[in-house]
Amino acid sequence: MDQFDVIDICQNIAAQYPGWYYHAQKFKYKELSHSEIWISPSWVLHLSAEPSVMVYNKSVNKIIKEGFKGERFYKTYWTCRMLILAPNAHNNVMIYRRLVHTLPDAEAYIADFFARGVDLVQRHFSSPDEKTFLSSYPIVGEFPDHGTDDGYEGLGNCIARAVLLDFDYVERFIRDDFPTDRPIYEPYRERVKEWLPIWRERAERNGSILKP
């Protein structure tokens, strides 16, 4: 059994939640004007998952596409990511894995991690106001509270703060002046440093770092 055997199950589960649908091996929610939310199973063969909530903010993506081109960079970056933890988790990295061998067991497992993911979305990723939405990240949570991870060494957090015109945070990112899960990738810091004067100038002129 693999991810293709549970497509119908995933589509039926998603249909029970307003605004959600299942496509291309992801649960997706596009009801917010400023961001797209995924519950990504990250399927593992025969069959299990490593589910997480992933946020793709449109403003952040525009900045990434404009300024982070080249072989040292990915084409897209999530703005933030939050793991969906196992029911018996005792820390913030025990992601919800369960090996299932039958369709009924798969349905129960998928329905459970999806419901847990939707709960996280409703609690942390549901504000219709973009400024309020972005200003709450990164979320630092001590177990059992959830927190967002520093995926891509915090670049998503940095760009989100730049969109909010929080240039003090951006300068700290350039200096590597706060802890992340891994050392901040040097090309990210260099590229942000190159773009910071441009963002400041745009902000002074237009009140936004986005290209007019």
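Described below are features of the structure shown in this document. (Residues numbered from 1 in each chain as written. Predicted model: local features only at pLDDT ≥ 70, side-chain atom pairs only at ≥ 80, totals over all residues. Heavy atoms only, no water.)

Our focus in this paragraph is the overall build of the chain. In terms of helices and strands, the chain carries seven helices and five strands. Taken along its principal axes, the extent of the C-alpha atoms in the chain is 55 × 35 × 30 Å. Across the chain, contacts joining residues at least 24 apart in sequence account for 59% of those joining residues at least 6 apart. Positive and negative charge centroids in the chain, built from 26 and 30 side chains respectively, lie 6 Å apart. (Helix = DSSP H or I, 4+ residues; strand = E, 2+ residues; numbered from the N terminus. Contact = heavy atoms within 4.5 Å. Lys, Arg positive; Asp, Glu negative; His and termini not counted. Charge placed at Lys NZ, Arg CZ, Asp CG, Glu CD.)

Across the sheet, five strands lie side by side as β1-β2-β3-β4-β5; this open sheet has antiparallel pairing. What marks the edges here is a single partner per strand, and that holds for β1 (20–23) and β5 (80–83). Strand-to-strand twist in this sheet, taken as the mean axis angle between neighbours without regard to direction, amounts to 25°. Bridging between strand β4 (residues 52–57) and β5 involves four bridges; their strand directions are antiparallel. If you follow Met54 over to β5, its bridge partner there is Arg81. Relative to β4, helix α2 (residues 58–67) is tilted by about 70°, and along the sheet it contacts β3 (35–40) and β4. (Pairing = 2+ DSSP bridges. Axes fitted to C-alpha atoms, helices over the stretch in contact; angles between N-to-C directions.)

Let us look at unusual backbone geometry. A positive phi angle, near 65°, is found at Gln25, a position not held by glycine. Summarising the element assignment, Gln25 is placed in the loop between β1 and β2 (26–29). Within the chain, Asp176 stands out as a residue other than glycine whose phi angle is a positive 55°. Along the chain, Asp176 falls in the loop between α6 (167–175) and α7 (186–206). Residue classification places Asp176 among the partly exposed residues on the basis of a relative accessible area of 31%. (Buried < 20%, exposed > 50% of the residue type's maximum accessible area, 1.4 Å probe, protein only.)

Contact geometry of α2 with helix α5 (residues 155–163) gives a least axis separation of 9 Å together with a crossing angle of 105°. Put simply, α2 runs roughly perpendicular to α5. In this structure, α2 uses Ser59, Val60, Ile63 and Ile64 to contact α5, whose residues at the interface are Leu155, Ile159, Ala160 and Val163. Taken together, the residues of the contact of α2 with α5 sort by class into seven nonpolar, one polar and no charged. (Parallel < 35°, antiparallel > 145°, perpendicular 65-115°, else oblique. Nonpolar A, V, L, I, M, F, W, Y, C, P; charged D, E, K, R; others polar.)

As enumerated under the stated definition, the model contains 13 aromatic pairs in all. Centre to centre, the rings of Trp43 and Phe113 are 6.2 Å apart; their planes meet at 65°, and the pair counts as edge-to-face. A residue pair is termed long-range when its members are at least 10 positions apart, and Trp43 in the loop between β3 and β4 and Phe113 in helix α3 (residues 103–124) qualify at 70 residues. The two residues Trp43 and Phe113 agree in class, both being buried. One cation-aromatic arrangement involves Arg161 over Tyr169; the distance from NZ or CZ to the ring centre is 5.6 Å. (Phe/Tyr/Trp six-rings, centres within 6.5 Å; stacked < 30°, edge-to-face > 60°. Lys NZ or Arg CZ within 6 Å of the ring centre and 35° of its normal.)

Helix length check: α3 (22 residues) gives 31 Å between terminal C-alpha atoms against 32 Å at 1.5 Å per residue, within 8%. On its buried face, α3 sits against α1 (7–14), β1, β2, β3, β4 and β5. (Expected span 1.5 Å × (residues − 1).)

A few words now on the nonpolar core. In this structure, Trp20, Phe27, Ile37, Ile110, Phe113, Phe125 and Trp199 are the most contacted members of the largest nonpolar core, which totals 66 residues. With eight residues, the top contributor of residues to this core is α3. Not counting residues up to four positions away in its chain, the partners in contact with Trp20 are Ala14, Phe27, Lys28, Tyr29, Ile37, Ile39, Phe114, Val118 and Val121. (Core = buried A, V, L, I, M, F, W, Y, C linked by side-chain atoms within 4.5 Å.)

This paragraph deals with the side chain of Arg202. Looking at the element boundaries, Arg202 is found in helix α7. Relative accessible area serves as the criterion here: at 9%, Arg202 is assigned to the buried category. With near-sequence residues (within four places) excluded, Arg202 lies in contact with Glu66, Trp195, Gly207, Ser208, Ile209, Leu210 and Lys211.

Geometry of a packed helix pair, given as the angle between the helix axes and the separation of the axes. The N-to-C vectors of α2 and α7 enclose an angle of 120°; their axes lie 12 Å apart at closest approach. The angle between α2 and α7 falls in the class oblique. Of the two elements, α2 crosses α7, and the hand of that crossing is right-handed. Contact residues: Ile63, Glu66 and Gly67 in α2; Arg191, Trp195, Trp199 and Arg202 in α7. (Left-handed = near helix turned anticlockwise from the far one by under 90°.)

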